[in-house]
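Observations on the model geometry
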Amino acid sequence: MAFNPSPRQLTTIKALVFVLALLPFLRMAWLVVQGVPVEPLEFLTRGTGDWTLYFLCITLAVTPLRRLSGWNWVIKLRRMLGLYAFFYALLHFVTFFWFDHFFDIGEMLKDVVKRPFITVGFIAFVLLIPLAVTSTNAMVKRLGGKRWLWLHRLIYVIAPLGILHFWWMKAGKNDFQEPIIFGAIVALLLAMRVYWSYVKKTGAARA
């Protein structure tokens, strides 16, 4: 029998997920304030980038988890998880923009154009913005369910772009282990959706 939490239990679960998702940021901030990282800029850039990918993967995993487990209630966590992906992506961008370029837009754009891995990461971040902006119930109503759904399918583009950004960043050091793991996870999660869509279409055609 699938676990189906009561409204009170679901509220508790949401609060717990919110706190747990915030802990990586609090830990990074605490360590930087304490002067623990030798290179705080590199530490923040890598940490926020890693957690952006973690939350992109976790967000993509919500639908497969729901379908495989029957836990329909996990869908109610997806918006929060997606917003945390944007939150860490925003911190990643701010770290790059502030510490690397001291809010010099011209220098930042030159870097974006000159370095392909930054170009790809920048595109992924820009595509995340409309998803975050339209995450409220009011925006769902304003856009309409179908248009909102199509807009939020940008996540299927954003996640691979994030992996490519990470891959090119690691390529300079010939360190591909983590990008391969992230890439395999995202590929599996997207392949499951393609398979379910195919089964649905073939089933509808036979009906």
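Quick look at the structure, then. (Residues numbered from 1 in each chain as written. Predicted model: local features only at pLDDT ≥ 70, side-chain atom pairs only at ≥ 80, totals over all residues. Heavy atoms only, no water.)

Describing the layout of surface pockets
Reported here for the largest pocket is a volume of approximately 1,200 Å³. Lining the largest pocket are 33 residues; nearest its centre among them are Thr-63, Arg-78, Leu-149, Tyr-156 and Arg-193. Contributions of two or more residues to the lining of the largest pocket are made by helix H2 (40-69), helix H3 (75-100), helix H5 (116-133), helix H7 (145-152), helix H8 (155-171) and helix H9 (177-206). Tallying contributions element by element places H3 first for the lining of the largest pocket, with eight residues. Of the volumes computed, that of the second largest pocket is approximately 700 Å³. For the second largest pocket, the lining is made up of 28 residues, of which Thr-45, His-92, Phe-117, His-165 and Met-169 are closest to its centre. If you list the elements that add at least two residues to the lining of the second largest pocket, you get H2, H3, H5 and H8. Here the lining of the second largest pocket is composed, by residue class, of 15 nonpolar, seven polar and six charged. (1 Å grid on protein atoms, 1.4 Å probe; cavity = no way out; pocket = protein on both sides within 12 Å on 5 of 7 lines; lining within 4 Å. Points joined across faces, edges and corners; volume = space filled by probe spheres on them. Helix = DSSP H or I, 4+ residues; strand = E, 2+ residues; numbered from the N terminus. Nonpolar A, V, L, I, M, F, W, Y, C, P; charged D, E, K, R; others polar.)

Points about H2
Along an α-helix, residues three or four apart share an orientation, since each turn contains 3.6 residues. Under the 1.5 Å per step criterion, the end-to-end length of H2 is 41 Å for 30 residues, consistent within 8% with the ideal 44 Å. The largest bend along H2 measures about 30° and falls at Val-62, with the proline Pro-64 one to four residues further on. At the C-terminal side of H2, Gly-70 shows a positive phi close to 80°. (Expected span 1.5 Å × (residues − 1). Bend = angle between axes of the 7 residues up to and from the residue.)

Some details on the side chain of His-152
On the secondary structure map, His-152 appears in helix H7. Given a relative accessible area of 16%, His-152 falls into the buried group. Among all residues touching His-152, those that are not within four sequence positions of it are Leu-131 and Thr-134. (Buried < 20%, exposed > 50% of the residue type's maximum accessible area, 1.4 Å probe, protein only. Contact = heavy atoms within 4.5 Å.)

Observations regarding the environment of Val-94
Checked against the element boundaries, Val-94 lands in helix H3. Take Val-94: its relative accessible area is 30%, and that puts it in the partly exposed class. Between the C-alpha atoms of Val-94 and Leu-109, which are 15 residues apart in sequence, the distance is 14 Å.

A word on the packing of aromatic side chains
In this structure the tally under the stated criterion is 18 aromatic pairs. Plain terms: the ring middles of Trp-167 and Phe-176 are 4.6 Å apart, the flat faces sit at 35° to each other, and that makes the pair tilted. Residue Trp-167 is classed as partly exposed on the basis of its relative accessible area, which comes to 33%. Cluster of aromatic residues (ring-pair linked, three or more members): Phe-18, Phe-25, Trp-51, Tyr-54, Phe-55, Tyr-84, Phe-87, Tyr-88, Phe-166 and Phe-182. We note Arg-67 situated over the ring of Trp-196; from NZ or CZ to the ring centre the distance is 4.4 Å. Over the face of the ring belonging to Trp-150 we find Arg-153, whose NZ or CZ atom lies 4.3 Å from the ring centre. (Phe/Tyr/Trp six-rings, centres within 6.5 Å; stacked < 30°, edge-to-face > 60°. Lys NZ or Arg CZ within 6 Å of the ring centre and 35° of its normal.)

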